[in-house]
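# Descriptive analysis of the structure
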Amino acid sequence: MSPPPQHQTVKYSLTRLADVSAGSMPQAKVAGGIEYTVICRRCNGSFKVMNYEGQYLSGFGARKKATAPQPIGVVCDCGLDHKNRPAGSAGCGAVWDIVH
Ligand SMILES: [Zn+2]
Ligand SMILES: [Zn+2]
């Protein structure tokens, strides 16, 4: 195993990154959904994203097809230092979607 990549203290900048496939990510089933361990490709920060399954459950006796899973919007939430970061944000400004 190689050591985890070092966090990069790049300046905060709102940046859209390419989508990531859910199947390629470390994930764990937790109460109410799935928790993904995410690594930001801009700053290498690591954090967890919770995806609640509730919206996909079909009602008792429902015949219609379950709704296709929606992309999960991710905003970098590394919690580490980035210059020029606006208040209320905890990451480097990278945003992307986890797609199924
Ligand atoms: Zn970061
Ligand atoms: Zn980041």
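Further up the page is the structure itself.
This report concerns the structure included in the present document. (Residues numbered from 1 in each chain as written. Chains lettered and ligands numbered in written order. Predicted model: local features only at pLDDT ≥ 70, side-chain atom pairs only at ≥ 80, totals over all residues.)

### Points about the pairing of strand β3 (residues 27-30)
Where β3 and strand β4 (residues 33-39) come together, 4 bridges link them in antiparallel fashion. From the neighbouring strand, Q27 faces β4, where its bridge partner is Y36. (Pairing = 2+ DSSP bridges. Helix = DSSP H or I, 4+ residues; strand = E, 2+ residues; numbered from the N terminus.)

### Quick look at the sheet that holds strand β5 (residues 46-52)
Spatial ordering of the open sheet is given by β3-β4-β5, a layout of 3 strands whose pairing is antiparallel. Each end of this open sheet is capped by a strand with a single partner; those strands are β3 and β5. Going from strand to strand, the sheet's axes swing by 25 degrees on average, the running direction of each strand aside. (Axes fitted to C-alpha atoms, helices over the stretch in contact; angles between N-to-C directions.)

### As for the nonpolar core
Core analysis: the biggest nonpolar cluster contains 11 residues, these being V38, C40, C43, I72, V74, C76, C78, C92, A94, W96 and I98. Put simply, the parts of the chain that give this core at least two residues each are β6 (72-75) and β7 (94-99). By residue number, the principal contributor to this core is β7, which donates 3 residues. Discounting residues that sit within four places of it in the chain, C92 has contacts with V10, Y12, C40, R42, C43, G45, C76, C78 and H82. (Core = buried A, V, L, I, M, F, W, Y, C linked by C-beta atoms within 7 Å. Buried ≥ 20, exposed ≤ 12 C-beta atoms within 10 Å, placed from the backbone. Contact = placed C-beta atoms within 7 Å.)

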